[in-house]
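Structural overview
Chain by chain, the residues:
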Amino acid sequence: MGVFIDPLTDWGFKRIFGDKELLINFLNSLLEGERVITDLRYMNNERIPKQKDERKVVYDLYCETDTGEHIIVEMQKRLQEFFKDRALYYSACSIAEQGIPGDWNYKLTPVYGVFFLDFNLNNDVSDYYCKDVSLVEKYSGKVFSDKLRHIYIELPRFLKSESDCDSFFEYWIYNLANMKQMKEI
């Protein structure tokens, strides 16, 4: 039995990443070399549908960076058959709400989805624990649009020991994957 909170529970996850400094620290380690987030604000994590028969969306955490990107941060403990579809739906809702009624120019701010999974997403050829998915042109492999990006972190696939971690990001993942068993920092 560990002595620290279990970050894979809703309460533990929101307790850790509800701390603005910790979330900025984590996101900067995830996006290292690409950009630096200096500030963010938490946004309403609940989306009420416009029609009664539409589906309600509740994000674990939803925030906007200092430069306008929207970031959805989710923890999924139990295997969900269509999780990739759910993640895409969540991102699409965030993109769609950027629409301004009337005549607008369709300039979108990027939407990032960061999805922590306590299961393996699928049995694909890659056994790497972090899948970074974006819109790419099929033949060149070059990014087609930077407006949608999903990062799936499959905690069961992270098999490194603490001494094998090569980056600050890997230390983050090591701690999240093992915190519930830890007895000391």
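Scroll up to find the structure.
In what follows, the accompanying structure is described. (Residues numbered from 1 in each chain as written. Predicted model: local features only at pLDDT ≥ 70, side-chain atom pairs only at ≥ 80, totals over all residues. Heavy atoms only, no water.)

Helix and strand counts for the protein chain come out as four helices and eight strands. Secondary structure elements of the protein chain occur, N-terminal to C-terminal, as α-α-β-β-β-β-β-α-β-β-β-α. Counting all 185 residues of the protein chain, 43% fall into the buried class. Excluding contacts between residues fewer than 6 apart, the proportion of contacts in the protein chain whose partners are at least 24 apart in sequence is 60%. By element, 53% of the accessible surface of the protein chain is carried by carbon and sulfur atoms, the whole surface being about 11500 Å². (Helix = DSSP H or I, 4+ residues; strand = E, 2+ residues; numbered from the N terminus. Buried < 20%, exposed > 50% of the residue type's maximum accessible area, 1.4 Å probe, protein only. Contact = heavy atoms within 4.5 Å. Areas by Shrake-Rupley, 256 points an atom, 1.4 Å probe, with all protein chains shown as cover.)

On to the pattern of salt bridges, then. What the rule picks out here adds up to 13 salt bridges. The closest approach of N and O atoms between Arg 157 and Glu 154, which form a salt bridge, is 3.0 Å. As far as the burial class goes, Arg 157 and Glu 154 line up, both buried. Here Lys 160 ties to Asp 166 by a salt bridge, and the two come within 3.1 Å at their closest N and O atoms. By relative accessible area, which is 29% here, Lys 160 ends up partly exposed. One salt-bridge network, held together by shared partners, links Glu 34, Asp 132 and Arg 149. (Salt bridge = Lys/Arg side-chain N within 4 Å of Asp/Glu carboxyl O.)

Quick look at the sheet that holds strand β7 (residues 130-136) now. With respect to topology, six strands assemble into an open sheet ordered β1-β4-β5-β6-β8-β7, the strand pairing being mixed. The sheet terminates laterally at β1 (40-42) and β7, the two strands that pair on one side only. Averaged over all neighbouring strand pairs, the angle between strand axes comes to 20°, with direction disregarded. Strand direction decides the pairing type here: β7 and strand β8 (residues 143-154), joined by seven bridges, are antiparallel. Residue pairing across strands places Cys 130 opposite Ile 153, the latter belonging to β8. Across the sheet, helix α3 (residues 83-96) is in contact with β4 (61-65), β5 (70-76), β6 (111-117) and β8; its angle to β8 comes to roughly 135°. (Pairing = 2+ DSSP bridges. Axes fitted to C-alpha atoms, helices over the stretch in contact; angles between N-to-C directions.)

This part is about helix α4 (residues 168-178). In an α-helix, one turn spans 3.6 residues; hence positions three or four apart end up facing the same way. Among the residues of α4, those classed as buried are Phe 169, Glu 170, Trp 172, Ile 173, Tyr 174, Leu 176 and Ala 177. Looking at the buried positions of α4, the neighbouring elements they touch are α1 (10-17), α2 (20-30), β6, β7 and β8.

All right, on to the side chain of Ser 145 then. Tracing the backbone shows Ser 145 in strand β8. One polar contact links the side chain of Ser 145 to the main-chain amide nitrogen of Lys 147, over a distance of 3.2 Å. (Polar contact = N/O pair within 3.5 Å; in protein donor to acceptor, adjacent residues only side chain to side chain.)

The next thing to look at is the packing of aromatic side chains. One pass over the full model with this rule turns up 15 aromatic pairs. Considering the side-chain rings of Phe 115 and Tyr 152, the 5.3 Å spacing of their centres and the 25° angle between planes classify their relative orientation as stacked. Of this pair, Phe 115 sits in strand β6 while Tyr 152 sits in strand β8, and the two are 37 residues apart along the sequence. Pair check on accessibility: Phe 115 and Tyr 152 agree, each one buried. Grouping aromatic residues by their ring pairs yields a cluster made of Phe 13, Phe 17, Phe 26, Phe 116, Tyr 128, Tyr 129, Phe 158, Phe 169 and Trp 172. (Phe/Tyr/Trp six-rings, centres within 6.5 Å; stacked < 30°, edge-to-face > 60°.)

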